[in-house]
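A structural walkthrough
In case you want the letters, here they are:
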Amino acid sequence: MKSRTTRNAIPWGVAAIILAATLLFAAWPLLSGATGKRIIDTAAPIQLEQCAPCHYDISDVRVKGLIFSHGNHLLVSCEGCHFRMPHRSDVTERVPMEACFACHRVKHGVQGELASGKCADCHTHPDKLRPVSHGITWAKKPHAEVANASGVNRCMMCHEAIRDCDACHAKQAPKVANMPLVYHPMVLAPDKGPSVRIDPTGPVSMSQCAFCHGRIDEASGKRIIFAHADHIERNYRCEACHPRFPHTALGIDRPDMLSCYRCHGLNHNSHGRVATEECTACHPTSFELMPYDHTKKFIKGAHSEPSKETPEYCAMCHKMDFCIECHNGRSKSRYAPPGMVVPVPHTDARWMGQHGKDFLDGKGLCGVCHSGPSCQRCHLTIVPHPEGFIEDHRPAKGVTSHDCAVCHRDRSACQQCHHGSVKNDYLVRENCIGCHEEAKRIPATDIKHKAMAEHAVHFDVAETKGKPYRCYECHIDFGTSEAARQIERQQGHDMRLCYDCHGALDPFNETIAPYGGGSLCLRCHKDMDI
(Lines give C-alpha, C1' and ligand atoms only; values in the text may rest on other atoms or scores of the structure.)
Protein backbone atom coordinates (compact mmCIF):
# COMPACT_ATOMS: atom_id res chain seq x y z
CA MET A 1 0.00 0.00 0.00
CA LYS A 2 1.24 3.43 -0.91
CA SER A 3 1.89 5.85 1.89
CA ARG A 4 -0.15 9.02 2.37
CA THR A 5 2.95 11.03 1.36
CA THR A 6 3.21 9.21 -1.97
CA ARG A 7 -0.51 9.57 -2.67
CA ASN A 8 -0.38 13.36 -2.02
CA ALA A 9 2.80 13.86 -4.04
CA ILE A 10 1.08 12.92 -7.29
CA PRO A 11 -1.46 15.81 -7.46
CA TRP A 12 1.08 18.29 -6.08
CA GLY A 13 3.54 17.25 -8.80
CA VAL A 14 0.90 17.76 -11.48
CA ALA A 15 0.04 21.17 -10.02
CA ALA A 16 3.72 22.17 -10.04
CA ILE A 17 4.04 21.20 -13.72
CA ILE A 18 0.95 23.18 -14.65
CA LEU A 19 2.16 26.22 -12.67
CA ALA A 20 5.60 26.09 -14.32
CA ALA A 21 4.01 25.74 -17.76
CA THR A 22 1.75 28.73 -17.13
CA LEU A 23 4.67 30.93 -16.03
CA LEU A 24 6.70 29.83 -19.02
CA PHE A 25 3.80 30.66 -21.32
CA ALA A 26 3.45 34.16 -19.87
CA ALA A 27 7.20 34.84 -20.06
CA TRP A 28 7.69 33.37 -23.53
CA PRO A 29 7.55 36.76 -25.37
CA LEU A 30 10.48 37.99 -23.29
CA LEU A 31 12.47 34.78 -23.73
CA SER A 32 11.81 34.51 -27.46
CA GLY A 33 12.62 38.17 -28.04
CA ALA A 34 16.32 37.31 -28.06
CA THR A 35 15.93 35.25 -31.23
CA GLY A 36 15.73 38.32 -33.47
CA LYS A 37 13.04 39.10 -36.02
CA ARG A 38 9.66 37.41 -35.78
CA ILE A 39 7.86 37.45 -39.12
CA ILE A 40 4.15 36.71 -38.80
CA ASP A 41 2.88 34.70 -41.76
CA THR A 42 -0.93 34.66 -41.84
CA ALA A 43 -1.03 31.33 -43.72
CA ALA A 44 1.64 29.55 -41.69
CA PRO A 45 0.86 26.98 -38.98
CA ILE A 46 -0.21 28.71 -35.77
CA GLN A 47 2.63 28.84 -33.26
CA LEU A 48 3.28 30.75 -30.06
CA GLU A 49 5.86 32.96 -31.78
CA GLN A 50 3.12 34.46 -33.96
CA CYS A 51 1.18 35.63 -30.90
CA ALA A 52 4.04 36.85 -28.70
CA PRO A 53 4.74 40.19 -30.52
CA CYS A 54 1.27 41.48 -29.61
CA HIS A 55 0.28 39.44 -26.54
CA TYR A 56 2.57 39.71 -23.51
CA ASP A 57 0.40 37.57 -21.22
CA ILE A 58 -1.59 35.05 -23.20
CA SER A 59 -1.96 32.41 -20.50
CA ASP A 60 -5.49 33.41 -19.39
CA VAL A 61 -8.19 34.42 -21.89
CA ARG A 62 -10.36 37.33 -20.80
CA VAL A 63 -13.62 36.64 -22.64
CA LYS A 64 -16.91 37.34 -20.90
CA GLY A 65 -18.61 34.12 -19.84
CA LEU A 66 -15.65 31.89 -20.70
CA ILE A 67 -13.13 30.17 -18.42
CA PHE A 68 -9.99 29.28 -20.36
CA SER A 69 -6.23 29.17 -19.84
CA HIS A 70 -3.65 28.60 -22.56
CA GLY A 71 -1.29 27.56 -19.79
CA ASN A 72 -3.41 24.47 -19.04
CA HIS A 73 -3.23 23.51 -22.73
CA LEU A 74 0.51 24.04 -23.16
CA LEU A 75 1.10 20.42 -24.22
CA VAL A 76 -1.57 20.69 -26.92
CA SER A 77 -0.46 21.96 -30.32
CA CYS A 78 -1.80 25.44 -31.13
CA GLU A 79 -3.10 24.07 -34.43
CA GLY A 80 -5.18 21.55 -32.52
CA CYS A 81 -7.61 24.39 -31.72
CA HIS A 82 -6.64 27.27 -34.03
CA PHE A 83 -6.86 26.06 -37.60
CA ARG A 84 -5.80 29.45 -39.04
CA MET A 85 -4.81 32.97 -38.02
CA PRO A 86 -7.46 34.05 -35.44
CA HIS A 87 -7.38 37.76 -36.38
CA ARG A 88 -8.80 38.70 -39.78
CA SER A 89 -11.12 41.32 -41.30
CA ASP A 90 -11.94 43.22 -38.10
CA VAL A 91 -13.00 40.09 -36.18
CA THR A 92 -11.29 37.58 -33.93
CA GLU A 93 -12.24 34.04 -34.88
CA ARG A 94 -13.03 32.13 -31.71
CA VAL A 95 -12.19 28.46 -31.50
CA PRO A 96 -15.35 26.52 -32.52
CA MET A 97 -16.87 24.33 -29.84
CA GLU A 98 -16.34 21.30 -32.06
CA ALA A 99 -12.58 21.75 -31.56
CA CYS A 100 -13.04 21.67 -27.79
CA PHE A 101 -14.95 18.41 -27.99
CA ALA A 102 -12.02 16.80 -29.74
CA CYS A 103 -10.74 16.26 -26.17
CA HIS A 104 -13.47 17.26 -23.72
CA ARG A 105 -15.79 14.40 -22.82
CA VAL A 106 -13.81 12.08 -25.09
CA LYS A 107 -12.94 8.74 -23.43
CA HIS A 108 -9.57 7.33 -24.40
CA GLY A 109 -9.50 3.70 -23.39
CA VAL A 110 -8.34 2.94 -19.87
CA GLN A 111 -7.25 6.59 -19.43
CA GLY A 112 -10.85 7.66 -19.22
CA GLU A 113 -11.93 11.19 -20.23
CA LEU A 114 -9.16 13.26 -21.79
CA ALA A 115 -10.78 16.42 -20.42
CA SER A 116 -13.87 17.30 -18.43
CA GLY A 117 -17.15 17.62 -20.24
CA LYS A 118 -18.94 19.58 -17.51
CA CYS A 119 -20.31 22.91 -18.74
CA ALA A 120 -19.39 24.72 -15.51
CA ASP A 121 -15.71 23.93 -16.03
CA CYS A 122 -15.53 26.23 -19.05
CA HIS A 123 -18.55 28.54 -18.79
CA THR A 124 -19.25 31.00 -15.98
CA HIS A 125 -23.04 30.74 -16.44
CA PRO A 126 -23.76 27.18 -17.59
CA ASP A 127 -27.49 27.69 -16.98
CA LYS A 128 -27.60 30.36 -19.72
CA LEU A 129 -26.02 28.41 -22.54
CA ARG A 130 -29.16 27.99 -24.65
CA PRO A 131 -28.33 29.28 -28.16
CA VAL A 132 -30.29 32.22 -29.52
CA SER A 133 -31.69 30.06 -32.33
CA HIS A 134 -33.35 27.75 -29.82
CA GLY A 135 -36.57 29.72 -29.44
CA ILE A 136 -39.98 28.61 -28.17
CA THR A 137 -40.80 26.73 -31.37
CA TRP A 138 -37.31 25.23 -31.80
CA ALA A 139 -38.32 21.78 -30.49
CA LYS A 140 -40.88 21.48 -33.28
CA LYS A 141 -40.13 21.87 -36.97
CA PRO A 142 -37.06 24.24 -36.90
CA HIS A 143 -34.70 21.80 -35.21
CA ALA A 144 -35.73 19.01 -37.57
CA GLU A 145 -34.92 21.15 -40.62
CA VAL A 146 -31.45 21.94 -39.25
CA ALA A 147 -30.87 18.28 -38.37
CA ASN A 148 -31.85 17.20 -41.91
CA ALA A 149 -29.56 19.81 -43.44
CA SER A 150 -26.42 19.39 -41.32
CA GLY A 151 -26.92 16.14 -39.42
CA VAL A 152 -27.46 15.48 -35.74
CA ASN A 153 -23.88 14.87 -34.66
CA ARG A 154 -23.32 18.52 -33.65
CA CYS A 155 -26.43 18.38 -31.43
CA MET A 156 -24.82 15.68 -29.36
CA MET A 157 -22.23 18.13 -27.94
CA CYS A 158 -24.92 19.32 -25.52
CA HIS A 159 -27.75 16.79 -25.80
CA GLU A 160 -27.97 13.20 -24.61
CA ALA A 161 -30.11 10.94 -26.79
CA ILE A 162 -31.79 9.01 -23.99
CA ARG A 163 -32.62 12.09 -21.94
CA ASP A 164 -33.38 14.71 -24.60
CA CYS A 165 -34.40 12.89 -27.80
CA ASP A 166 -35.76 9.36 -27.44
CA ALA A 167 -38.79 10.05 -25.22
CA CYS A 168 -40.09 12.79 -27.52
CA HIS A 169 -39.36 10.84 -30.71
CA ALA A 170 -41.24 7.84 -29.33
CA LYS A 171 -44.27 10.03 -28.69
CA GLN A 172 -44.17 12.00 -31.95
CA ALA A 173 -43.09 8.99 -34.03
CA PRO A 174 -41.08 10.86 -36.68
CA LYS A 175 -39.37 8.83 -39.36
CA VAL A 176 -35.82 9.24 -38.05
CA ALA A 177 -33.09 6.85 -37.17
CA ASN A 178 -31.94 6.38 -33.61
CA MET A 179 -29.92 9.28 -32.22
CA PRO A 180 -26.20 8.64 -31.60
CA LEU A 181 -25.38 8.09 -27.97
CA VAL A 182 -22.29 10.31 -28.00
CA TYR A 183 -20.81 13.15 -30.01
CA HIS A 184 -18.29 12.03 -32.59
CA PRO A 185 -15.43 14.55 -32.79
CA MET A 186 -15.36 15.94 -36.30
CA VAL A 187 -14.03 19.30 -37.41
CA LEU A 188 -13.66 20.58 -40.95
CA ALA A 189 -10.64 22.90 -40.96
CA PRO A 190 -11.33 26.11 -42.92
CA ASP A 191 -9.01 27.44 -45.61
CA LYS A 192 -6.02 29.29 -44.15
CA GLY A 193 -6.40 32.18 -46.59
CA PRO A 194 -3.67 34.20 -48.32
CA SER A 195 -0.11 34.34 -47.08
CA VAL A 196 0.61 37.84 -45.78
CA ARG A 197 3.98 38.37 -44.12
CA ILE A 198 3.93 40.96 -41.31
CA ASP A 199 7.16 42.23 -39.80
CA PRO A 200 6.46 43.89 -36.41
CA THR A 201 10.01 45.28 -36.38
CA GLY A 202 9.90 46.87 -39.85
CA PRO A 203 8.48 50.19 -41.11
CA VAL A 204 4.72 50.42 -40.66
CA SER A 205 2.77 50.08 -43.91
CA MET A 206 -0.85 49.55 -44.90
CA SER A 207 -0.08 45.98 -46.00
CA GLN A 208 0.73 45.13 -42.38
CA CYS A 209 -2.71 46.26 -41.21
CA ALA A 210 -5.19 45.39 -43.98
CA PHE A 211 -5.34 41.63 -43.29
CA CYS A 212 -6.72 42.09 -39.76
CA HIS A 213 -8.36 45.50 -40.25
CA GLY A 214 -10.60 45.25 -43.31
CA ARG A 215 -12.48 48.44 -42.43
CA ILE A 216 -9.48 50.48 -41.37
CA ASP A 217 -10.75 53.57 -43.20
CA GLU A 218 -14.01 53.82 -41.27
CA ALA A 219 -14.07 56.93 -39.07
CA SER A 220 -15.92 55.99 -35.92
CA GLY A 221 -15.35 55.62 -32.21
CA LYS A 222 -16.44 56.79 -28.79
CA ARG A 223 -13.31 58.87 -28.20
CA ILE A 224 -12.00 59.82 -31.61
CA ILE A 225 -13.14 60.27 -35.20
CA PHE A 226 -10.42 59.26 -37.62
CA ALA A 227 -10.20 58.23 -41.26
CA HIS A 228 -6.98 56.77 -42.63
CA ALA A 229 -8.23 57.46 -46.17
CA ASP A 230 -8.14 61.24 -45.64
CA HIS A 231 -4.47 61.02 -44.72
CA ILE A 232 -3.54 58.54 -47.42
CA GLU A 233 -5.02 60.86 -50.05
CA ARG A 234 -2.57 63.53 -48.90
CA ASN A 235 0.27 61.04 -49.45
CA TYR A 236 1.26 60.76 -45.79
CA ARG A 237 3.36 57.71 -45.00
CA CYS A 238 2.14 55.45 -42.20
CA GLU A 239 5.35 55.85 -40.20
CA ALA A 240 4.74 59.62 -40.03
CA CYS A 241 2.20 58.85 -37.29
CA HIS A 242 3.20 55.29 -36.41
CA PRO A 243 6.99 55.26 -35.92
CA ARG A 244 6.63 51.78 -34.38
CA PHE A 245 4.37 48.79 -35.01
CA PRO A 246 1.07 49.79 -33.29
CA HIS A 247 0.44 46.42 -31.62
CA THR A 248 2.90 45.61 -28.88
CA ALA A 249 3.11 42.90 -26.25
CA LEU A 250 1.94 45.42 -23.63
CA GLY A 251 -0.99 46.82 -25.61
CA ILE A 252 -1.80 49.13 -28.52
CA ASP A 253 0.70 51.95 -29.11
CA ARG A 254 -1.55 54.78 -30.28
CA PRO A 255 -0.18 58.11 -31.58
CA ASP A 256 -0.53 60.81 -28.95
CA MET A 257 -2.35 64.07 -29.55
CA LEU A 258 0.91 66.01 -29.83
CA SER A 259 1.83 64.04 -32.94
CA CYS A 260 -1.50 65.12 -34.50
CA TYR A 261 -0.63 68.76 -33.90
CA ARG A 262 2.38 68.50 -36.18
CA CYS A 263 -0.22 69.19 -38.90
CA HIS A 264 -3.49 70.14 -37.23
CA GLY A 265 -3.52 73.84 -36.45
CA LEU A 266 -0.26 74.42 -38.34
CA ASN A 267 -0.06 77.38 -40.68
CA HIS A 268 2.37 76.59 -43.47
CA ASN A 269 3.24 80.09 -44.60
CA SER A 270 1.47 81.03 -47.84
CA HIS A 271 -0.04 77.52 -48.15
CA GLY A 272 -2.31 78.29 -45.22
CA ARG A 273 -3.66 75.85 -42.64
CA VAL A 274 -2.39 72.30 -43.15
CA ALA A 275 -5.24 70.70 -41.20
CA THR A 276 -8.07 71.97 -39.02
CA GLU A 277 -7.75 72.23 -35.25
CA GLU A 278 -11.49 72.19 -34.54
CA CYS A 279 -12.15 69.75 -31.70
CA THR A 280 -15.32 68.34 -33.28
CA ALA A 281 -13.37 67.32 -36.39
CA CYS A 282 -11.61 64.59 -34.39
CA HIS A 283 -13.77 64.07 -31.28
CA PRO A 284 -17.51 63.24 -31.09
CA THR A 285 -19.72 65.77 -29.31
CA SER A 286 -20.24 63.30 -26.43
CA PHE A 287 -16.50 63.22 -25.67
CA GLU A 288 -15.35 65.11 -22.55
CA LEU A 289 -12.63 67.44 -23.81
CA MET A 290 -11.30 68.64 -20.44
CA PRO A 291 -8.54 66.30 -19.14
CA TYR A 292 -9.23 64.55 -15.86
CA ASP A 293 -6.25 66.25 -14.13
CA HIS A 294 -7.63 69.77 -14.69
CA THR A 295 -8.98 70.08 -11.17
CA LYS A 296 -9.70 73.32 -9.29
CA LYS A 297 -6.27 73.13 -7.68
CA PHE A 298 -4.66 72.66 -11.09
CA ILE A 299 -6.45 75.67 -12.58
CA LYS A 300 -5.70 77.96 -9.63
CA GLY A 301 -1.93 77.54 -9.87
CA ALA A 302 -0.72 73.94 -9.97
CA HIS A 303 -0.56 74.16 -13.75
CA SER A 304 2.48 76.44 -13.56
CA GLU A 305 5.17 73.76 -13.42
CA PRO A 306 3.64 71.39 -16.01
CA SER A 307 3.19 74.30 -18.42
CA LYS A 308 6.91 75.13 -18.14
CA GLU A 309 7.95 71.53 -18.72
CA THR A 310 5.66 70.84 -21.70
CA PRO A 311 4.28 74.14 -23.05
CA GLU A 312 3.55 72.44 -26.37
CA TYR A 313 1.05 70.17 -24.59
CA CYS A 314 -0.91 73.12 -23.22
CA ALA A 315 -0.80 74.96 -26.56
CA MET A 316 -2.82 72.22 -28.23
CA CYS A 317 -5.98 73.59 -26.59
CA HIS A 318 -5.02 76.95 -25.08
CA LYS A 319 -4.05 79.85 -27.31
CA MET A 320 -2.10 82.91 -26.26
CA ASP A 321 -5.15 85.09 -25.64
CA PHE A 322 -6.56 82.55 -23.18
CA CYS A 323 -3.46 82.81 -20.99
CA ILE A 324 -2.98 86.57 -21.36
CA GLU A 325 -6.51 87.31 -20.18
CA CYS A 326 -5.92 85.48 -16.91
CA HIS A 327 -2.26 86.34 -16.25
CA ASN A 328 -2.91 90.04 -16.76
CA GLY A 329 -5.71 89.94 -14.18
CA ARG A 330 -8.56 90.56 -16.63
CA SER A 331 -10.28 87.18 -16.39
CA LYS A 332 -13.64 87.01 -14.63
CA SER A 333 -13.08 83.41 -13.53
CA ARG A 334 -13.17 82.89 -9.76
CA TYR A 335 -9.89 80.98 -10.10
CA ALA A 336 -8.05 83.87 -11.78
CA PRO A 337 -5.32 85.76 -9.85
CA PRO A 338 -6.37 89.12 -8.34
CA GLY A 339 -3.74 91.04 -10.33
CA MET A 340 -1.01 90.76 -12.91
CA VAL A 341 1.37 87.81 -12.61
CA VAL A 342 5.00 89.03 -12.75
CA PRO A 343 7.68 86.29 -13.05
CA VAL A 344 10.65 86.59 -10.70
CA PRO A 345 13.29 86.92 -13.50
CA HIS A 346 11.54 90.10 -14.71
CA THR A 347 12.57 91.87 -11.50
CA ASP A 348 16.26 91.50 -12.38
CA ALA A 349 17.71 94.67 -13.94
CA ARG A 350 19.59 92.57 -16.51
CA TRP A 351 16.44 90.94 -17.83
CA MET A 352 15.46 93.79 -20.14
CA GLY A 353 18.74 93.58 -22.05
CA GLN A 354 18.72 89.82 -22.55
CA HIS A 355 15.06 88.92 -22.95
CA GLY A 356 15.29 89.03 -26.76
CA LYS A 357 17.91 86.28 -26.84
CA ASP A 358 15.99 84.24 -24.27
CA PHE A 359 12.88 84.54 -26.44
CA LEU A 360 14.72 83.29 -29.54
CA ASP A 361 16.31 80.45 -27.57
CA GLY A 362 12.89 79.35 -26.36
CA LYS A 363 13.81 79.79 -22.70
CA GLY A 364 10.79 81.84 -21.73
CA LEU A 365 7.03 81.40 -22.08
CA CYS A 366 6.61 85.00 -23.21
CA GLY A 367 3.30 84.36 -24.95
CA VAL A 368 1.62 83.47 -21.66
CA CYS A 369 1.43 87.17 -20.74
CA HIS A 370 2.63 89.15 -23.73
CA SER A 371 0.75 89.73 -26.96
CA GLY A 372 2.06 91.52 -30.05
CA PRO A 373 0.95 95.01 -28.95
CA SER A 374 2.80 94.69 -25.65
CA CYS A 375 6.05 94.03 -27.52
CA GLN A 376 5.48 96.96 -29.86
CA ARG A 377 5.63 99.39 -27.01
CA CYS A 378 9.41 99.03 -27.43
CA HIS A 379 9.87 97.21 -30.73
CA LEU A 380 8.79 99.04 -33.89
CA THR A 381 8.71 95.74 -35.77
CA ILE A 382 5.74 93.45 -35.06
CA VAL A 383 6.81 90.85 -32.49
CA PRO A 384 6.13 87.93 -32.58
CA HIS A 385 6.37 88.13 -36.36
CA PRO A 386 3.07 87.40 -38.14
CA GLU A 387 2.51 84.64 -40.64
CA GLY A 388 4.28 85.30 -43.95
CA PHE A 389 6.60 87.89 -42.39
CA ILE A 390 9.77 86.22 -43.68
CA GLU A 391 8.65 86.60 -47.30
CA ASP A 392 8.88 90.39 -47.10
CA HIS A 393 10.55 91.49 -43.88
CA ARG A 394 12.08 94.75 -45.03
CA PRO A 395 11.97 97.29 -42.20
CA ALA A 396 9.05 99.69 -42.40
CA LYS A 397 9.66 103.33 -43.25
CA GLY A 398 11.56 105.02 -40.46
CA VAL A 399 12.69 101.70 -38.96
CA THR A 400 16.35 100.76 -39.27
CA SER A 401 17.99 97.36 -39.17
CA HIS A 402 19.06 98.12 -35.60
CA ASP A 403 15.52 97.23 -34.53
CA CYS A 404 16.09 93.72 -35.93
CA ALA A 405 19.49 93.45 -34.25
CA VAL A 406 17.88 93.69 -30.80
CA CYS A 407 17.02 90.00 -31.14
CA HIS A 408 18.93 88.84 -34.20
CA ARG A 409 22.48 89.47 -33.04
CA ASP A 410 24.07 86.65 -34.99
CA ARG A 411 23.78 87.77 -38.61
CA SER A 412 25.10 84.57 -40.18
CA ALA A 413 21.59 83.34 -41.00
CA CYS A 414 20.85 86.68 -42.67
CA GLN A 415 24.05 86.52 -44.73
CA GLN A 416 23.28 83.06 -46.06
CA CYS A 417 19.95 84.20 -47.47
CA HIS A 418 20.57 87.82 -48.45
CA HIS A 419 24.05 87.53 -49.89
CA GLY A 420 23.81 83.97 -51.13
CA SER A 421 21.49 85.10 -53.92
CA VAL A 422 23.85 87.88 -55.13
CA LYS A 423 27.20 86.08 -55.11
CA ASN A 424 27.42 86.41 -58.89
CA ASP A 425 26.62 90.13 -58.86
CA TYR A 426 29.17 92.89 -59.39
CA LEU A 427 30.51 94.71 -56.36
CA VAL A 428 29.28 98.18 -57.38
CA ARG A 429 27.57 100.94 -55.49
CA GLU A 430 24.13 100.57 -57.10
CA ASN A 431 23.94 96.89 -56.10
CA CYS A 432 24.54 97.63 -52.41
CA ILE A 433 22.89 100.94 -51.52
CA GLY A 434 19.40 99.45 -51.77
CA CYS A 435 19.98 97.64 -48.46
CA HIS A 436 23.03 99.47 -47.10
CA GLU A 437 22.33 103.21 -47.22
CA GLU A 438 25.65 104.11 -45.62
CA ALA A 439 27.43 102.67 -48.67
CA LYS A 440 26.57 105.95 -50.47
CA ARG A 441 29.14 107.86 -48.43
CA ILE A 442 32.17 109.19 -50.34
CA PRO A 443 35.00 108.78 -49.72
CA ALA A 444 34.50 105.22 -48.57
CA THR A 445 37.18 105.61 -45.92
CA ASP A 446 34.74 107.83 -43.97
CA ILE A 447 32.30 104.97 -43.52
CA LYS A 448 32.35 104.00 -39.86
CA HIS A 449 31.19 100.42 -40.38
CA LYS A 450 34.46 98.57 -40.97
CA ALA A 451 33.10 95.80 -43.20
CA MET A 452 31.06 98.26 -45.26
CA ALA A 453 34.10 100.51 -45.77
CA GLU A 454 36.17 97.58 -46.98
CA HIS A 455 33.54 96.77 -49.59
CA ALA A 456 32.89 100.37 -50.61
CA VAL A 457 36.54 101.14 -51.46
CA HIS A 458 36.27 98.51 -54.21
CA PHE A 459 33.21 100.02 -55.90
CA ASP A 460 35.20 102.01 -58.49
CA VAL A 461 37.95 99.54 -59.40
CA ALA A 462 36.56 99.28 -62.94
CA GLU A 463 38.32 102.54 -63.78
CA THR A 464 41.73 100.86 -63.37
CA LYS A 465 40.89 97.13 -63.50
CA GLY A 466 38.64 97.32 -66.52
CA LYS A 467 35.68 95.61 -64.83
CA PRO A 468 34.33 95.44 -61.28
CA TYR A 469 34.80 92.50 -58.95
CA ARG A 470 32.17 89.82 -58.54
CA CYS A 471 31.34 88.86 -54.96
CA TYR A 472 32.36 85.23 -55.36
CA GLU A 473 35.92 86.24 -56.35
CA CYS A 474 36.65 86.93 -52.67
CA HIS A 475 33.91 85.06 -50.83
CA ILE A 476 33.80 81.30 -51.22
CA ASP A 477 30.52 81.26 -49.29
CA PHE A 478 28.58 83.68 -47.16
CA GLY A 479 28.25 81.70 -43.97
CA THR A 480 30.08 83.09 -40.97
CA SER A 481 30.32 80.81 -37.97
CA GLU A 482 30.06 82.22 -34.47
CA ALA A 483 33.51 80.79 -33.69
CA ALA A 484 35.07 82.79 -36.56
CA ARG A 485 33.25 85.93 -35.42
CA GLN A 486 34.71 85.54 -31.92
CA ILE A 487 38.25 85.28 -33.31
CA GLU A 488 37.65 88.30 -35.52
CA ARG A 489 36.78 90.42 -32.49
CA GLN A 490 40.10 89.57 -30.84
CA GLN A 491 42.47 90.41 -33.68
CA GLY A 492 42.96 92.85 -36.55
CA HIS A 493 42.13 92.31 -40.19
CA ASP A 494 43.21 89.10 -41.83
CA MET A 495 45.25 90.84 -44.53
CA ARG A 496 46.14 87.67 -46.41
CA LEU A 497 43.11 87.96 -48.65
CA CYS A 498 43.88 91.64 -49.31
CA TYR A 499 47.49 91.02 -50.23
CA ASP A 500 46.47 88.52 -52.86
CA CYS A 501 45.88 91.63 -54.94
CA HIS A 502 47.31 94.67 -53.16
CA GLY A 503 51.03 94.91 -53.90
CA ALA A 504 50.99 91.62 -55.82
CA LEU A 505 52.12 91.30 -59.46
CA ASP A 506 50.20 89.72 -62.31
CA PRO A 507 51.79 87.38 -64.92
CA PHE A 508 52.92 90.45 -66.86
CA ASN A 509 54.85 91.75 -63.86
CA GLU A 510 52.39 94.59 -63.30
CA THR A 511 50.79 95.51 -59.93
CA ILE A 512 47.32 94.04 -59.66
CA ALA A 513 46.20 96.60 -57.05
CA PRO A 514 48.04 99.54 -55.43
CA TYR A 515 48.88 100.10 -51.79
CA GLY A 516 51.01 97.16 -50.90
CA GLY A 517 52.24 96.50 -47.40
CA GLY A 518 51.68 99.15 -44.73
CA SER A 519 50.41 101.72 -47.22
CA LEU A 520 47.19 99.75 -47.45
CA CYS A 521 46.65 100.20 -43.72
CA LEU A 522 47.21 103.95 -44.03
CA ARG A 523 44.28 104.22 -46.42
CA CYS A 524 42.00 103.92 -43.39
CA HIS A 525 44.22 104.35 -40.36
CA LYS A 526 45.80 107.81 -40.57
CA ASP A 527 47.41 107.32 -37.20
CA MET A 528 49.39 104.10 -37.19
CA ASP A 529 49.56 104.08 -33.41
CA ILE A 530 46.81 101.45 -33.28
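Just so you know, these numbers come straight off a predicted model, no measurement behind them.

This brings us to the overall build of the protein chain. Of regular secondary structure, the protein chain possesses 21 helices and six strands. Buried positions account for 19% of the 530 residues belonging to the protein chain. As presented, the protein chain carries roughly 38700 Å² of accessible surface, and 59% of it is formed by carbon and sulfur atoms.

What follows is about the environment of Q50. Looking at the element boundaries, Q50 is found in helix α2 (residues 48–51). Residue class for Q50 comes out buried when judged on its relative accessible area of 13%. Separated by 35 residues in sequence, Q50 and M85 place their C-alpha atoms 9.0 Å apart. In this view, Q50 contacts I40, D41, A44, P45 and M85; residues no more than four positions away in its chain are not counted.

So, on to the pattern of salt bridges. Using the criterion set out here, one finds 14 salt bridges in the structure. Linking E277 and K319 is a salt bridge whose minimum nitrogen-to-oxygen distance equals 3.0 Å. Residue E277 is located in the loop between α8 (257–260) and α9 (296–302), and its partner K319 is located in the loop between α11 (311–314) and α12 (320–327); the two are separated by 42 residues in the primary sequence. Each of the salt bridges in this network shares a partner with another, and the network as a whole consists of R84, R88 and E93.

The next point concerns the confidence of the model for the protein chain. Scored by pLDDT, the protein chain comes out at a mean of 80, with 87% of its residues at no less than 70. With pLDDT under 50 throughout, residues 22–35 is counted as low confidence; its partners more than four residues away or in other chains account for 21 contacts. Throughout residues 487–491 the model reports pLDDT below 50, and contacts reaching past four residues in sequence, or to other chains, amount to two contacts.

We now examine the side chain of D41. Residue placement: D41 occurs in strand β1 (residues 40–41). R197 provides the closest opposite charge to the buried, salt-bridge-free D41, at an N-O distance of 4.2 Å. Within the local environment of D41, its side chain forms a polar contact with the backbone nitrogen of A43, the two atoms lying 3.1 Å apart. At 2.8 Å, the side chain of D41 and the side chain of S195 are in polar contact. The residues touching D41, leaving out its near neighbours within four places in the chain, are Q50, M85, S195, V196 and R197.

All told, the structure shown has one aromatic pair when counted by the stated rule. Ring plane angle 75 degrees and centroid distance 5.8 Å describe the contact between F101 and Y183, whose orientation is recorded as edge-to-face. One end of the pair, F101, is in the loop between α3 (97–100) and α4 (141–150); the other, Y183, is in the loop between α5 (161–172) and β4 (197–198), with 82 residues separating them in the sequence. Note on F101: relative accessible area 8%, which makes it buried. The buried category is assigned to Y183, whose relative accessible area is 10%. Of note, R470 hangs over the ring of Y426, and the distance from its end group to the ring centre comes to 4.1 Å.

Let's shift gears to the environment of T381. Positionally, T381 belongs in the loop between α14 (372–375) and α15 (402–405). Separated by 12 residues in the primary sequence, T381 and H393 have C-alpha atoms spaced 9.3 Å apart. Beyond its immediate sequence surroundings of up to four residues, T381 is in contact with Q376, F389, V399 and D403.

Attention now goes to unusual backbone geometry. Cis geometry marks the peptide bond from I442 to P443, where omega comes out at 0 degrees. Despite not being glycine, D90 has its phi angle at roughly 65 degrees, a positive value. Take D90: it is sitting in the loop between β2 (87–88) and β3 (91–92). Even without a glycine there, the phi angle at A173 is positive, about 55 degrees. Relative to the assigned elements, A173 resides in the loop between α5 and β4.

This part covers the environment of H458. Mapped onto the secondary structure, H458 falls in the loop between α18 (450–456) and α19 (462–465). We classify H458 as partly exposed; its relative accessible area is 23%. When the C-alpha positions of H458 and V428 are compared, they lie 7.7 Å apart, and in sequence the two are 30 residues distant. When near neighbours in sequence (up to four residues on either side) are disregarded, H458 contacts L427, Y469 and H502.

Now for the nonpolar core. Counting residues in each nonpolar core, the largest one holds 11 residues, listed as L427, C432, A439, A444, I447, M452, A453, A456, F459, V461 and Y469. The biggest single contributor to this core is α18, with three residues. Setting aside chain neighbours within four positions, we find Y469 in contact with D425, Y426, L427, H458, V461 and C501. Of all hydrophobic cores here, the second largest spans seven residues; its members include M156, M157, C165 and Y183.

Turning our attention to a nonpolar patch on the surface. Together, I162, L181 and V182 make up an exposed nonpolar region whose accessible area comes to about 340 Å². Structurally, the position occupied by L181 is in the loop between α5 and β4.

What follows covers the state of the cysteines. Counting across every chain of the model gives zero disulfides. C155 forms no disulfide, and the closest cysteine sulfur to it belongs to C165, at a distance of 7.4 Å. In this structure C155 comes out as partly exposed when scored by relative accessible area, which is 31%. With no disulfide of its own, C317 lies closest to C279 among cysteine sulfurs, the gap being 6.0 Å.

Each value, and the rule that gives it
- Residues numbered from 1 in each chain as written.
- Predicted model: local features only at pLDDT ≥ 70, side-chain atom pairs only at ≥ 80, totals over all residues.
- Heavy atoms only, no water.
- Helix = DSSP H or I, 4+ residues; strand = E, 2+ residues; numbered from the N terminus.
- Buried < 20%, exposed > 50% of the residue type's maximum accessible area, 1.4 Å probe, protein only.
- Areas by Shrake-Rupley, 256 points an atom, 1.4 Å probe, with all protein chains shown as cover.
- Contact = heavy atoms within 4.5 Å.
- Salt bridge = Lys/Arg side-chain N within 4 Å of Asp/Glu carboxyl O.
- pLDDT = per-residue confidence, 0-100.
- Lys, Arg positive; Asp, Glu negative; His and termini not counted.
- Polar contact = N/O pair within 3.5 Å; in protein donor to acceptor, adjacent residues only side chain to side chain.
- Phe/Tyr/Trp six-rings, centres within 6.5 Å; stacked < 30°, edge-to-face > 60°.
- Lys NZ or Arg CZ within 6 Å of the ring centre and 35° of its normal.
- Core = buried A, V, L, I, M, F, W, Y, C linked by side-chain atoms within 4.5 Å.
- Patch = residues over 30% accessible without salt bridge, like charges linked within 9 Å, V, L, I, M, F, W, Y side chains within 5 Å.
- Disulfide = S-S within 2.5 Å.

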